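Spelled out from the first residue to the last, the chains are:
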Amino acid sequence: MYRRKLSFKPSEIKLEKDHKLKIIIISGLCIAVLILFYFFITSEGKNETISENSKPDQLSKEEISQKVDSIAFTFGIKKEWIKDISNKKENNSGDKLLITKEIHIPNDLPSIQLNLEYSNYFRDRNFKEKITEDPKTKNVIMELYTANVNDAIGKLSGILKFIYDDSLKRKVSEVCIVLDSIDFYPLDNVSGILNSTEEFSLFLPLRNDKSDYQSKILGSERDYLLRFFIGDEKDITSDFKSDMKADVWKAKIRSASINYQNSGGIFLTGKTQIKEFENEIKKEFLKNNITVYSDTLLSGFQKSEQTVNSLFSDIITQSNSGKTFLLYSVNLSPEEFKYYDSQLFKLKKLGYKFFNFTDIMKKINNNIYNLTQKDSIKTKKSL
């Protein structure tokens, strides 16, 4: 059977290919347009929601004023240090400003910390801020503007002034935390505590079976303390027993002074009613250039379900009572220390300062010296 052979001209093949290519391109463009339109609609809706929720003119003056005050309080600023200044100034639209406050601050409070906190608050509510600092006084003025898409400057809506005042002082203590019994917790978790950026000291475990903890602590170059127990002849676990020969306990002291010469100090505890023996030990430590402290110097803090919160509460209470220096011996588990480490910024914002034991004792001794010098000057003047 004869079959007819089909044939196409080259021009016809080219036209068909061009036609298919056009269809593919047009289809792709349509799909792209639909996708872009979808994202435009959804993002527009989101922007409208955000804009409506954070629109500056929807915020009441009372709401802004209360928030400004509450932020200041977290820095230890008292209510009487915050003043509402004259609100006669109008913005470029003739409206009264939403807020005009003058916040007086003590010299130890960096204004940059306040600026950051207030800037974050107002930016979240769709304000822009303009900050000006006086190079001489370091006083800061923060002008607040409503964000306006059509206006690069925006509308002036508020003014905050941060004024340094030499007469102001936050009533806060300087604090030292000494961690006790750290060797009762897993060594891996102890490493996390030692890596903290916060300042604290700890008691170095001296038992032979705790050598791995000793190495870890000494290797961290943390400030550490030593604790020795005093007892009578019946206290077989004591480091110094009253029936020990003098050359034995003196050799023990010399060994401690050589092996732990970087120690922040020695604490003696136990049966301290053996006063004569205790005094002999103290004298020998001093001969070896190691200071001995009474264990009453550190306020013991008992563990509880809310150990860290109770500790913070006690720090504030003791500080409010007028105490300048606070030293605590605290037993914190790794989990409790992690919480302590994450929450300490709240006290620091209020102005509390934390030191290791060696540094705070230097401050205490300098303070005692300065007070003694002042008393001496007063006595000479009275004569």
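Residues numbered from 1 in each chain as written. Predicted model: local features only at pLDDT ≥ 70, side-chain atom pairs only at ≥ 80, totals over all residues. Heavy atoms only, no water.

Visitor: Just give me the short version of the environment of isoleucine 159, but keep the residues and values in it.
Guide: Inspection of the secondary structure assignment puts isoleucine 159 in strand β5 (residues 151–164). As a C-alpha pair, isoleucine 159 and isoleucine 85 span 74 residues in sequence and 9.4 Å in three-dimensional space. (Helix = DSSP H or I, 4+ residues; strand = E, 2+ residues; numbered from the N terminus.)

Visitor: Can you break down the confidence of the model for the protein residue by residue, with the values?
Guide: Mean pLDDT over the protein works out to 83, with 76% of the residues at or above the 70 mark. Here residues 1–8 scores under 50 on pLDDT; set against residues more than four positions off or in separate chains, the count is one contact. Counting interchain partners and residues more than four positions distant, the pLDDT-below-50 stretch residues 376–383 has zero contacts. (pLDDT = per-residue confidence, 0-100. Contact = heavy atoms within 4.5 Å.)

Visitor: Before we move on, can you summarise the packing of helix α2 (residues 61–73) against helix α3 (residues 111–123) with the specific residues and values?
Guide: Where α2 contacts α3, the axes come no closer than 10 Å and their chain directions differ by 150 degrees. When the axis of α2 is compared with that of α3, the two are roughly antiparallel. For the element pair α2 and α3, the recorded crossing hand is right-handed. Contacts between α2 and α3 pair Glu63, Ile64, Lys67, Val68, Ile71 and Ala72 from the former with Glu117, Tyr118, Tyr121 and Phe122 from the latter. When grouped by side-chain class, the residues that make up the contact of α2 with α3 number seven nonpolar, no polar and three charged. (Axes fitted to C-alpha atoms, helices over the stretch in contact; angles between N-to-C directions. Parallel < 35°, antiparallel > 145°, perpendicular 65-115°, else oblique. Left-handed = near helix turned anticlockwise from the far one by under 90°. Nonpolar A, V, L, I, M, F, W, Y, C, P; charged D, E, K, R; others polar.)

Visitor: I'd like to hear about the nonpolar core, residue by residue, with values.
Guide: Ile177, Ile281, Phe285, Ile315, Tyr328, Tyr340 and Phe354 are the most contacted members of the largest nonpolar core, which totals 43 residues. Leave out the neighbours within four places in its chain, and isoleucine 177 touches Phe200, Ser201, Leu311, Tyr328, Val330, Tyr340, Phe354 and Phe355. Ranked by size, the runner-up nonpolar core spans 26 residues in total, among them Val68, Ile77, Phe127 and Phe162. (Core = buried A, V, L, I, M, F, W, Y, C linked by side-chain atoms within 4.5 Å. Buried < 20%, exposed > 50% of the residue type's maximum accessible area, 1.4 Å probe, protein only.)

Visitor: If you had to explain the packing of aromatic side chains to someone new, which residues and values would you point to?
Guide: The tally for this structure, following the rule as stated, stands at 14 aromatic pairs. Centroid distance phenylalanine 337 to tyrosine 340: 5.6 Å. Interplanar angle 35 degrees. Geometry classified as tilted. On the criterion of helical spacing, the pair formed by phenylalanine 337 and tyrosine 340 is a turn pair, its members being three residues apart in helix α9 (residues 334–350). Neither phenylalanine 337 nor tyrosine 340 differs from the other in exposure class; each is buried. Ring pairs connect the aromatic residues Phe200, Phe312, Phe337 and Tyr340, which therefore count as one cluster. The ring of phenylalanine 184 carries lysine 210 above its face, with NZ or CZ at 5.9 Å from the centroid. Its end group placed over the ring of phenylalanine 75, lysine 349 keeps NZ or CZ at 4.7 Å from the ring centre. (Phe/Tyr/Trp six-rings, centres within 6.5 Å; stacked < 30°, edge-to-face > 60°. Lys NZ or Arg CZ within 6 Å of the ring centre and 35° of its normal.)

Visitor: I'd like a rundown of the pattern of salt bridges, residues and numbers included.
Guide: Inspection of the entire model under this criterion finds 15 salt bridges. A salt bridge links lysine 348 to glutamate 198; its shortest N-O distance comes to 2.5 Å. Of this pair, lysine 348 sits in helix α9 while glutamate 198 sits in the loop between α4 (187–194) and β7 (201–203), placing them 150 residues apart in sequence. A salt bridge links glutamate 284 to lysine 287, with the shortest nitrogen-to-oxygen separation between them at 3.9 Å. Note that glutamate 284 and lysine 287 are positioned in helix α7 (residues 275–287) at a spacing of three residues, about one turn of the helix. Given the relative accessible area of 63%, lysine 287 is considered exposed. Via salt bridges that share partners, Asp69, Lys79, Asp84 and Lys101 belong to a single interconnected network. (Salt bridge = Lys/Arg side-chain N within 4 Å of Asp/Glu carboxyl O.)

Visitor: Give me the lowdown on the pairing of strand β2 (residues 99–105), citing residues and values where you can.
Guide: In terms of burial, β2 is a largely internal element, six of the seven residues being buried. Here three bridges tie strand β1 (residues 82–84) to β2, and the two strands are oriented antiparallel to one another. By the bridge assignment, lysine 83 is partnered in β2 with glutamate 102. (Pairing = 2+ DSSP bridges.)

Visitor: Explain the packing of helix α6 (residues 246–259) against α7 to me, using residue names and the numbers behind them.
Guide: At a minimum axis distance of 10 Å, the contact between α6 and α7 shows a crossing angle of 40 degrees. When the axis of α6 is compared with that of α7, the two are oblique. Note on packing geometry: the crossing formed by α6 with α7 is right-handed. Contacts between α6 and α7 pair Trp249, Lys250 and Ile253 from the former with Phe277, Glu280, Ile281, Glu284 and Phe285 from the latter. Here the contact of α6 with α7 is composed, by residue class, of five nonpolar, no polar and three charged.

Visitor: Could you give an account of the environment of phenylalanine 277, with specific residues and numbers?
Guide: Tracing the chain through its elements places phenylalanine 277 in helix α7. Sequence spacing of phenylalanine 277 and aspartate 243 is 34 residues, and the spatial spacing of their C-alpha atoms is 9.7 Å. Among residues more than four places away in sequence, those in contact with phenylalanine 277 are Ile230, Phe240, Lys241, Ser242 and Trp249.

Visitor: Provide a residue-level description of α6, including the pertinent values.
Guide: Here α6 is 14 residues long and its end C-alpha atoms lie 20 Å apart, about the 20 Å a rise of 1.5 Å per residue gives. All of the buried residues along α6 are Trp249, Ile253, Ala256 and Ser257. For α6, the angular spread of the buried residues around the axis is 100 degrees, confining them to a single face. With respect to the buried face of α6, the exposed residues turned more than 90 degrees away are Asp247, Ile258 and Asn259. Its buried side turned inward, α6 meets β8 (223–231), β9 (240–241) and α7. (Expected span 1.5 Å × (residues − 1). Arc of directions from axis to C-beta.)

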